[in-house]
Structures are given as structure tokens and as C-alpha cells.
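Geometric and topological summary
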Amino acid sequence: MQGPVGPVGTQRDLWELWGYVGAMGTAGDCEGIQRPVENTGTWPGGRFPVAAVDEILREVLGSALREQRYEPGPCREAAKDIAEVVKARVKALQVPRYKIVVVAHIGQLGQQSLQISSRCLWDPHTDTFSSYVFKNTSLFAVANVYGTSGIFHKWCFASTFLKFQAAFFRKFSP
Amino acid sequence: MDEFQTAEEASFLVDEVSSIIKEAIESAIGGNAYQHSKVNQWTTSVVEQTLSQLTKLGKPFKYIVTCVIMQKNGAGLHTASSCFWDNSSDGTCTVRWENKTMYCIVSAFGLAI
């Protein structure tokens, strides 16, 4: 679980940007869920390496966007490239029997507000996610990696509320 | 006939999922103007409704649903995804919706067990 990310830069007119990621899943959420399959067996594989994936996200987003100003064309390509590169590097960790979904968002820092939320129906014994928020003075980027096993123990809703509000415009008086 | 039905039951049908998502968006935010105080409740509502309708299909899938709601004021946003999965059974559907004051992008990923 990541804590809040600090404010941007030290300019006089600051965009405050913060992101919070939390995950929670309770078995109680699933009481009414029709279970299409029963337990498909014991899990022979390892755990999804969340720390390693966090590191991959930090490296890829940082190196791709550190010096980048927001421009529609390059950022469109950057979003696709980031998703592909992160997927390839997570694949290279060779965690057996995991499926991987990578979602990347890149947006311009403007006076807009936005919210990104996701919810999953999966098995909390084996499935998890990793998330990273990047910002510079011109753009922000959010990347989520979801790892699900090819197995089912017990249904559970897991909510990842990525509350990302980029609309606080503060004027710092001298 | 039995085999065809089994194959359909076990596959991710994009049209079916797309209409589920559209319904969820319309019922949560259709006809509303962007309000900062409500966006949290809206994204939650879209995602939860989509996921519960997907669950009711009763297919052997794990689902990941993501929703972005962004105020319209000229700023740009790009979203991309990349997946490592089983091409024959897994699928994704993304719906982009807008009105005069906001954009909404919902993606649903279905991963067969």
C-alpha cells in the first residue's frame, strides 16, 4: 500500500497532486455471488512479486517520462510503450501460471479533476496488484499491474481505489 | 449444439460486456454535469455495477474493471493497456463515453480460470 505522494516542485503556483492506493477485500462481499466454479485445486506456483513489480514500474515510468513535457503525439506513444515494456519486464520475472494486465494512463496537468478507480473479482490468496503514480511539472502518469493466477480458491471483491485528484491549484504568496 | 453453447458460455463476449458497461455508465452518470464532490461515488457506482452484472453472467472468469472520470477542460489524457493472457479465452472491452462536461473511460478485462 502506497502512502500519499508529495506536492510537485517548488514553483510559486503549484499543482498539488496526490495519489493514494489502497486495496481491501472481504469475504463478506461475496456472500451473494453465484460461484460458477468450485475450488480448482491447490496453488503450486509462487506468490506474485509485488516489490519487484513496484520497482519495475518506478524505473520504467521514471526513465520514460522524467524529461518529457506533455504533448499529445509523444504521450500517446509513451502510454503504449510503457504498457508494453512493463508487461515484458513483468513477464521476464517468470512467475509461473500468472496472467498479467497492465494499464497505463498519461495525462496533462491542467485545471481538471479526475478519478481513477478499479475493482476486481478474483482470488485474494493468489491475485494482487501493483500501482505507481508519476508526476513532473507538465504531466502525470498512473500505471497499474494486476496479476491473476489461473486458479480459483474463493471469490472475493478487491477494490483498488486510486483516488487521483489533480485539480488543486494553490497560489503561494511570497 | 451442446458444444457451441459450452464454448459461448466459457468465452468473453465483447458485445455483451460492452452493453453491460454502457448501461452502468448511463445509470450512474447519464444526464449529470461534472461535480467534484460526486465523482468518487460515480466511479464506484460504475465499477460496482459493471462488476456485479459481469458476475451474474456466471462465467468462469476473473474480472478487472477500471473506470476513469475526467472533467472536460481541454487537458489531454491517454490510456493504454497490455496483457499477458490466453488469447483463446480471455478478452477485454473498453468503452469511452462523454458528455458536455466530462469524459468517462471504462475498461473491463476477463481472465478465464
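Treat the numbers as computed from the prediction; the structure is a model and nothing was measured. Position labels on residues start from 1 in each chain and follow its written sequence. Numbering of ligands from 1 and lettering of chains from A proceed in the order in which they are written. Whole-chain, interface and lining totals are the exception, using all residues; otherwise, since this is a predicted model, local features are given only for residues with pLDDT of at least 70 and side-chain atom pairs are given and counted only at 80 or more. Heavy atoms from the whole structure form the basis of all side-chain values; hydrogens and water molecules are not counted.

Numbering of helices and strands runs from the N terminus; a helix is a DSSP stretch of H or I covering at least four residues, while a strand is a stretch of E covering at least two. In terms of regular secondary structure, chain A is built from two helices and seven strands. What you see in chain A, going N to C, is helices and strands ordered as β-β-α-α-β-β-β-β-β. The contact criterion used is simple: two residues touch if any of their non-hydrogen atoms lie within 4.5 Å. Excluding contacts between residues fewer than 6 apart, the proportion of contacts in chain A whose partners are at least 24 apart in sequence is 81%. A 1.4 Å probe and the Shrake-Rupley method give the accessible areas. Residues count as covered only by the protein chains that appear here. Element-wise, carbon and sulfur atoms account for 51% of the exposed surface of chain A, whose accessible area totals about 8,100 Å².

The subject of this paragraph is the interface of chain A and chain B. Listed as interface residues are 55 residues of chain A and, on the opposing side, 45 residues of chain B. When the two sides are added together, the surface that chain A and chain B hide from each other amounts to roughly 3,900 Å², 60% of it contributed by carbon and sulfur. Considering only the side of chain A, the residues that lose the most area to chain B are Lys99, Gln115 and Arg119 of chain A, jointly responsible for 17% of the buried surface there. Counted as salt bridges are all cases of a side-chain nitrogen of Lys or Arg within 4 Å of a carboxyl oxygen of Asp or Glu. Here chain A and chain B share three salt bridges between them. Between Lys62 of chain B and Asp127 of chain A there is a salt bridge, with the nearest N and O atoms lying 2.8 Å from each other. Of all elements in the fold, only helix H2 (72-92), strand E3 (98-108), strand E4 (114-122), strand E6 (139-149) and strand E7 (156-171) of chain A reach the threshold of two or more residues within the side of chain A that touches chain B. In terms of residue count, the dominant contributor to the side of chain A that touches chain B is E3 of chain A (eleven residues). Inspection of the sheet shows E3 of chain A paired to strand E2 (residues 77-84) of chain B by eight bridges, in the antiparallel sense. Bridged to Val101 of chain A within E2 of chain B is Cys83 of chain B. A quick way to say it: buried area is the sum, across both parts, of accessible area lost when two parts are put together, with a 1.4 Å probe. Pairing between strands is defined by DSSP: at least two bridges between them are needed.

Residue and element names in this part refer to chain A. Applying the stated rule across the entire model yields nine salt bridges over all chains. In this structure, the salt-bridge partner of Arg58 is Glu55, at a minimum N-O distance of 2.6 Å. One end of the pair is Arg58 and the other is Glu55, both in helix H1 (residues 50-65) and three residues apart, which spans about a single turn. Relative accessibility decides the category of a residue: with a 1.4 Å probe and only protein chains considered, values under 20% of the type maximum give buried, values over 50% give exposed, and everything between is partly exposed. By relative accessible area, which is 43% here, Arg58 ends up partly exposed.

So, on to the packing of aromatic side chains. Geometry of aromatic contacts follows a simple scheme: Phe, Tyr and Trp rings, the Trp one being its six-membered ring, pair when their centres are within 6.5 Å, and the pair is stacked under 30 degrees between planes, edge-to-face over 60, tilted otherwise. One pass over the full model with this rule turns up three aromatic pairs over all chains. Here Phe48 of chain A and Tyr98 of chain A contribute two aromatic rings whose centre-to-centre distance is 5.3 Å and whose plane-to-plane angle is 45°, an arrangement assigned as tilted. One end of the pair, Phe48 of chain A, is in the loop between strand E2 (23-26) and H1; the other, Tyr98 of chain A, is in strand E3, and 50 residues separate them in sequence. When sorted by exposure, Phe48 of chain A lands in the same class as Tyr98 of chain A, which is buried. Clustering of aromatic rings is evident, with ring pairs tying together Phe12, Phe61 and Tyr63 of chain B.

To continue, consider the packing of helix H2 (residues 14-29) of chain B against helix H3 (residues 39-56) of chain B. All names here are of chain B. Note on definitions: angles span 0 to 180 degrees between N-to-C directions of axes, and those axes are lines fitted to C-alpha atoms, for helices only across the stretch in contact. One way to put it is that H2 packs onto H3 with a least axis distance of 9 Å and a crossing angle of 145°. Where H2 crosses over H3, the handedness of that crossing is right-handed. Note on element contacts: H3 touches H2 through Trp42, Ser45, Val46, Gln49, Thr50, Gln53 and Leu54, opposite Val17, Ile20, Ile21, Glu23, Ala24, Ile25, Ser27, Ala28 and Ile29. Residue polarity is assigned by list, with Asp, Glu, Lys and Arg as charged and Ala, Val, Leu, Ile, Met, Phe, Trp, Tyr, Cys and Pro as nonpolar; anything else, Gly included, falls into the polar class. The residue makeup of the contact of H2 with H3, split by class, is ten nonpolar, five polar and one charged. By convention the crossing between two helices is left-handed if the near helix lies anticlockwise of the far one by an angle smaller than a right angle, and right-handed if it lies clockwise.

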